[in-house]
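Here is what each chain is made of, one letter per residue.
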Amino acid sequence: MNDGPAPLTRLHTPGTALVATSVQATLPASTVAAYGLLGLPLAFVALPVYVHLPHLYAQQYGVPLAALGGVLLLSRSIDAVVDPWLGRWGDRLYRHAGSAVWQAAVLLALAVALGFAALFFPPASQLSPVGFLVWVGGALTLSHLAYSGLGILHQAWAARQGGGALAQSRWVAWREGFALVGVLLASTLPALWGWGMTTALLVLLLGSGLFSWRHTAARVTALPVARQGASQAAAQGAVSLWQPWKHAGFRRLLMVFMLNGLASAVPATLVLFFVQDRLQAPQAMASLFLALYFAAGALSFPLWLKVIDRIGLLRTWALGMGLSVLAFGSVIGLGAGDSAGFWVVCALSGMALGADLTVPGALLNQLIDSCGERGRSDGAFMGWWNLATKLNLALAAGLSLPLLGLWGYVPGRQDADALLALGLAYGLLPCVLKLLAGLALYWDLVRAPAPSVAAQA
C-alpha cells in the first residue's frame, strides 16, 4: 500500500503543463457553467424523492409508514453500497471511448426520468397495498442507481480535466451551485405546479444539462495525463475497486470530509424540530429559513473562489469551518421568538456551506491528479466519495436523534430541559464535530510533509 504523503495540490514544472493549467483556470464562465448545469436536475430529482415521496404514498395511497420506511431504507442502502462499483464501471467507459460515456449518460438520464415519473404516477387502481410497496421499491431503486451513475460520470469528467486549485474549484463550484438552485426549485415547484409539470421540467432540464455538458466537452481539452498514471493504466488495464484506498492521502482526506460532513448533516436533520419547538416559529417559516440557507450557499461561491485563489484550498476550508462554528455556536442563546437571530444563523451557515461544497471536491480532484490516477480510476474515487456522503446522512440521523431522546427531548415538548437538549444537539454537537474536523484538517493535511500542501495551506 502507498502510505506515503500524497500531495493534495499538483506540482507543475515549466512548460506546457503549466500553460495548460493556466488556460484551464481562465476558461470563460459560460464554458464552466455549461458543464455544471447538469447538477441542477440531479439535485432537482433527489429532493422530492427524500421529502415528498413518503408523505404522498402514506397520505394518498394509504401505504403503512413502517413498511414504506423499510422499502426506502433498503433501496437507499443498495444505492450507497453499489456506488463504488458504479465508479469502476465509469472508469471502464472513459477508457473505452468518449462515445460510450455519452451513450451511457443519455440512457441513465432516461432511466432517471422514467423512475421519477413511475414514482409519482403509479397505476393506483391496479395495485394492492403490497403491490404499491413492490412498485415504489422498483421505481426507487431504478431512480437511485441511475441518478448515482449519472452523477459519478459527471463528477469524474471534471476530475479528468486536471488543473490547479482554482481550475478544479471552478468546475466543482458551478456544479454545486446549480445543485443548490435545483434544491430550491424542487422544494417549491411541486406545490405550485403539481407533479405533471414538475416531471416535464425535470425531463427538459436533464436534456439541457446533457447537451450543455457535451458542448463543453467538445470545447475543452483536458490536461495531459501524468506519465506515471498512463503507464500504469496501460500495464494493468482494469483498475481494482479498492485502488483509492491504497493512497494514504485519500484516506486522510476522506476522514476530514466525513467529520465535516457529519457536522453539517446533524443540523440539517434537526432544523425542523429546532424551528418548531425552540424558536416556536410558524411552520411556514421553516421553508423560508431553508431557502435563505441554500440561497446564501449558492451566492457565496464567487466569494469562495476568490478566497481560494488568494489563500489556497486548505486554508479556505478551515475558514469555512470557523464560520460554521461561529454560526451554530450562537444558536445556544436563541429561544422562542428569536427568528431575527436565526435569519443571521441561516445566512452565515449557508455561506459556510459554499466552502463545504467547493473545497473538498476540488481537493479530491487534485488528489486524484497528484496520485497519478487521473484518467485511470477517477470514477472509483468518486464512487467511494459518494458512498461516504450518503453514509454521513445516515450517521447524522443515527447519532443526533437517539442523543435527543437520551437527553429528554420529544417532539412537541417545550419545557426547559427538552429545549436545552435540542439546543445542544442542534448547536453544540455540530460545533464539536466541526472543531474535530478542523483539527484533523490541520493534523493530517496541513501538517503533511508534502511541500506542495504546505505551500498552499
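Residues numbered from 1 in each chain as written. Predicted model: local features only at pLDDT ≥ 70, side-chain atom pairs only at ≥ 80, totals over all residues. Heavy atoms only, no water.

Visitor: I'd like a description of the overall build of the protein, backed by residues and values.
Guide: Counting secondary structure elements, the protein contains 16 helices and 0 strands. Looking at the protein residue by residue over its 457 residues, the buried ones come to 55%. In the protein, the proportion of contacts linking residues at least 24 apart, taken out of those at least 6 apart, comes to 87%. When the accessible surface of the protein is split by element, carbon and sulfur atoms take 70% of a total near 18900 Å². (Helix = DSSP H or I, 4+ residues; strand = E, 2+ residues; numbered from the N terminus. Buried < 20%, exposed > 50% of the residue type's maximum accessible area, 1.4 Å probe, protein only. Contact = heavy atoms within 4.5 Å. Areas by Shrake-Rupley, 256 points an atom, 1.4 Å probe, with all protein chains shown as cover.)

Visitor: Account for the pattern of salt bridges, with residues named and values stated.
Guide: As enumerated under the stated definition, the model contains 4 salt bridges in all. In this structure, Arg160 engages Asp378 in a salt bridge whose closest nitrogen and oxygen atoms are separated by 3.1 Å. A residue pair is termed long-range when its members are at least 10 positions apart, and Arg160 in the loop between helix H6 (129-159) and helix H7 (165-219) and Asp378 in helix H14 (residues 378-406) qualify at 218 residues. Each member of the pair, Arg160 together with Asp378, is buried. (Salt bridge = Lys/Arg side-chain N within 4 Å of Asp/Glu carboxyl O.)

Visitor: Any details on the environment of Val63? Residues and values, ideally.
Guide: Among the structural elements, Val63 can be located in the loop between helix H3 (39-59) and helix H4 (65-96). In this structure Val63 comes out as buried when scored by relative accessible area, which is 3%. Contact partners of Val63, with chain neighbours within four places excluded, come to Tyr57, Ala58, Leu68, Phe132 and Leu133.

Visitor: Can you lay out a nonpolar patch on the surface for me, pointing to particular residues and giving the numbers?
Guide: A cluster of nonpolar side chains, Ile332, Leu428, Val432, Leu436 and Leu439, forms an exposed patch at the surface whose accessible area comes to about 410 Å². The topology assignment puts Leu428 in helix H15 (residues 416-446). (Patch = residues over 30% accessible without salt bridge, like charges linked within 9 Å, V, L, I, M, F, W, Y side chains within 5 Å.)

Visitor: Mind laying out the packing of aromatic side chains, listing which residues take part and the relevant values?
Guide: Tallied over the full model, the rule gives 21 aromatic pairs. Note on Phe328 and Tyr426: the rings are 5.7 Å apart at their centroids and 70° apart in plane angle, and the pair reads as edge-to-face. Taken together, the residues Phe328 in helix H12 (residues 313-329) and Tyr426 in helix H15 connect sequence positions 98 residues apart. Both residues of the pair, Phe328 and Tyr426, belong to the buried class. Ring pairing ties together the aromatic residues Phe274, Phe289, Phe328, Phe342, Trp343 and Tyr426, which thus form one cluster. (Phe/Tyr/Trp six-rings, centres within 6.5 Å; stacked < 30°, edge-to-face > 60°.)

Visitor: Residue-level account of the confidence of the model for the protein, with values.
Guide: Across the protein, the average pLDDT comes to 81, with 87% of residues at or above 70. Ranking the elements of the protein by mean pLDDT puts helix H16 (residues 451-456) last with 38 and H12 first with 93. Across residues 1-23, confidence stays below pLDDT 50; counting only partners more than four residues off in sequence or on other chains, it has 51 contacts. (pLDDT = per-residue confidence, 0-100.)

Visitor: Pulling in residues and values, what's your account of the nonpolar core?
Guide: Most often, soluble globular proteins keep nonpolar side chains buried together rather than apart. If you look at the biggest cluster of nonpolar residues, it comprises 95 residues, and the most contacted ones within it are Tyr57, Leu150, Trp213 and Trp317. In terms of residue count, the dominant contributor to this core is H7 (15 residues). Those residues in contact with Tyr57 that lie beyond four places of it in its chain are Gly62, Val63, Leu68, Ala118, Leu119, Pro122, Phe132, Trp135 and Val136. Phe274, Met285, Val345 and Leu404 belong to the second largest nonpolar core, which has 31 residues in total. (Core = buried A, V, L, I, M, F, W, Y, C linked by side-chain atoms within 4.5 Å.)

Visitor: Now, about helix H11 (residues 301-311): what can you tell me, with residues and values included?
Guide: For H11, the set of buried residues is Phe301, Trp304, Leu305, Val307 and Ile308. Within H11, the buried residues cover an arc of 160° as seen down the axis, which keeps them to one side. In this structure, H11 carries Lys306, Asp309 and Arg310 as exposed residues pointing more than 90 degrees from its buried face. Of the residues flanking the end of H11, it is Gly312, one or two places downstream, whose phi is positive at about 90°. (Arc of directions from axis to C-beta.)

Visitor: Quick rundown of the environment of Ser212? Include the residues and the values.
Guide: Within the secondary structure, Ser212 is located in helix H7. Spatially, the C-alpha atom of Ser212 lies 7.2 Å from that of Leu37, the residues being 175 residues apart in sequence. Within the local environment of Ser212, its side chain forms a polar contact with the backbone oxygen of Ala34, the two atoms lying 2.8 Å apart. (Polar contact = N/O pair within 3.5 Å; in protein donor to acceptor, adjacent residues only side chain to side chain.)

Visitor: So what's going on with unusual backbone geometry? Which residues, and what values?
Guide: Here Gln280, not a glycine, exhibits a phi torsion of approximately 55°, which is positive. Mapped onto the elements, Gln280 comes out in the loop between helix H9 (248-278) and helix H10 (283-299).

Visitor: Summarise the side chain of Ser143; cite the residues concerned and give the values.
Guide: Relative to the elements of secondary structure, Ser143 occurs in helix H6. In this structure Ser143 comes out as buried when scored by relative accessible area, which is 6%. Those residues in contact with Ser143 that lie beyond four places of it in its chain are Val112, Gly115, Phe116 and Leu119.

Visitor: Please provide a residue-by-residue account of the packing of helix H5 (residues 98-120) against H7, values included.
Guide: Between H5 and H7, whose axes approach to 10 Å, the crossing angle comes to 170°. Classified by the interaxial angle, the pair formed by H5 and H7 is roughly antiparallel. Only Trp195, Thr198, Thr199, Leu202, Val203, Leu206, Leu210, Trp213, Arg214 and Ala217 of H7 make contact with H5, whose side of the interface consists of Trp102, Ala105, Val106, Ala109, Val112, Ala113, Phe116, Ala117 and Phe120. (Axes fitted to C-alpha atoms, helices over the stretch in contact; angles between N-to-C directions. Parallel < 35°, antiparallel > 145°, perpendicular 65-115°, else oblique.)

Visitor: Report on H10, specifying residues and quantitative values.
Guide: The first and last C-alpha atoms of H10 sit 25 Å apart over 17 residues, in line with the 24 Å expected at 1.5 Å per residue. Of all the residues in H10, the buried ones are Met285, Ala286, Phe289, Tyr293, Ala296 and Gly297. End-on view of H10: buried residues confined to an arc of 115°, all on one side of the axis. Facing away from the buried side of H10 by more than 90 degrees, the exposed set consists of Ala284, Ser287 and Leu299. Considering only its buried residues, H10 is in contact with H7, H9, H11 and helix H13 (339-370). (Expected span 1.5 Å × (residues − 1).)

Visitor: Quick one: what's the story with the side chain of His144, residue by residue and with numbers?
Guide: Here His144 is to be found in helix H6. Residue class for His144 comes out buried when judged on its relative accessible area of 6%. A polar atom in the side chain of His144 sits 3.0 Å from the side chain of Ser75.

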